[in-house]
Amino acid sequence: MTGLARHIEQVGKPLCPCNFYPDPAAEAKQRRWICACDEMQKYKYCHCLLFVRSDGLPITEYLPEDHEGRDAYGVTKDEHPDRGRAMAKVLDRHQTEPASGG
């Protein structure tokens, strides 16, 4: 948690401490989503348990049914479903658009 706290103090956002940023301030300005992890981007699930619900549990409702997170924590609902999951929204949009013939 020290990495998150340090980034909040330095750049005003809790950039994921699992990654190295040559320029944390520039990274904080670029990123709308603060975690680069694919699971977080798609499912809003933090395997490291750095980002969790207010009760300390990770969000598991978007995970595939056979995911280890659901096995470990059950299905935990997202307290803020209107936030996050940018990659999932893009993937969903591409799946619902008709394929263009080429």
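Everything numeric in this text was worked out from a predicted model, so none of it was measured.

A. Structural detail: a nonpolar patch on the surface. Among the surface-exposed residues, L49, V52, L57 and Y73 lie close enough to one another that they form a single nonpolar patch of about 270 Å² accessible area. Assessed through its relative accessible area of 31%, L57 is described here as partly exposed.

B. Looking closely at unusual backbone geometry. The residue K44 is not glycine, and still its phi comes out positive at about 60 degrees. Relative to the helices and strands, K44 is located in the loop between α3 (38-43) and α4 (68-73).

C. View of the packing of aromatic side chains. As enumerated under the stated definition, the model contains zero aromatic pairs in all. Just above the ring of Y62 sits the side chain of R85; from NZ or CZ to the centre is 3.8 Å.

D. Looking closely at the pattern of salt bridges. Under the defined criterion, the tally for this structure stands at three salt bridges. K44 serves as the salt-bridge partner of D78, at 2.9 Å between the closest nitrogen and oxygen. Placement of D78 in the loop between α4 and α5 (86-96) and of K44 in the loop between α3 and α4 is noted, with a sequence separation of 34 residues between them. Here the two residues D78 and K44 agree in accessibility, since each one is buried.

E. Here's a closer look at the state of the cysteines. Considering all chains together, one arrives at zero disulfides under this definition. Not engaged in a disulfide, the cysteine C46 finds its nearest cysteine sulfur in C48; these two sulfurs lie 4.9 Å apart. For C46, a relative accessible area of 5% gives the class buried.

F. Spotlight on a negative patch on the surface. Taken together, the side chains of E65, D66, E68 and D71 present a region of like negative charge at the surface. Since its relative accessible area comes to 63%, D71 is described here as exposed.

G. How the structure looks around the side chain of K44. Overall, the relative accessible area of 8% leaves K44 in the buried class. Polar contacts involving the side chain of K44 include one to the main-chain carbonyl oxygen of H80, which spans 2.6 Å.

Criteria and thresholds
Residues numbered from 1 in each chain as written. Predicted model: local features only at pLDDT ≥ 70, side-chain atom pairs only at ≥ 80, totals over all residues. Heavy atoms only, no water. Patch = residues over 30% accessible without salt bridge, like charges linked within 9 Å, V, L, I, M, F, W, Y side chains within 5 Å. Areas by Shrake-Rupley, 256 points an atom, 1.4 Å probe, with all protein chains shown as cover. Salt bridge = Lys/Arg side-chain N within 4 Å of Asp/Glu carboxyl O. Buried < 20%, exposed > 50% of the residue type's maximum accessible area, 1.4 Å probe, protein only. Helix = DSSP H or I, 4+ residues; strand = E, 2+ residues; numbered from the N terminus. Phe/Tyr/Trp six-rings, centres within 6.5 Å; stacked < 30°, edge-to-face > 60°. Lys NZ or Arg CZ within 6 Å of the ring centre and 35° of its normal. Disulfide = S-S within 2.5 Å. Lys, Arg positive; Asp, Glu negative; His and termini not counted. Charge placed at Lys NZ, Arg CZ, Asp CG, Glu CD. Polar contact = N/O pair within 3.5 Å; in protein donor to acceptor, adjacent residues only side chain to side chain.

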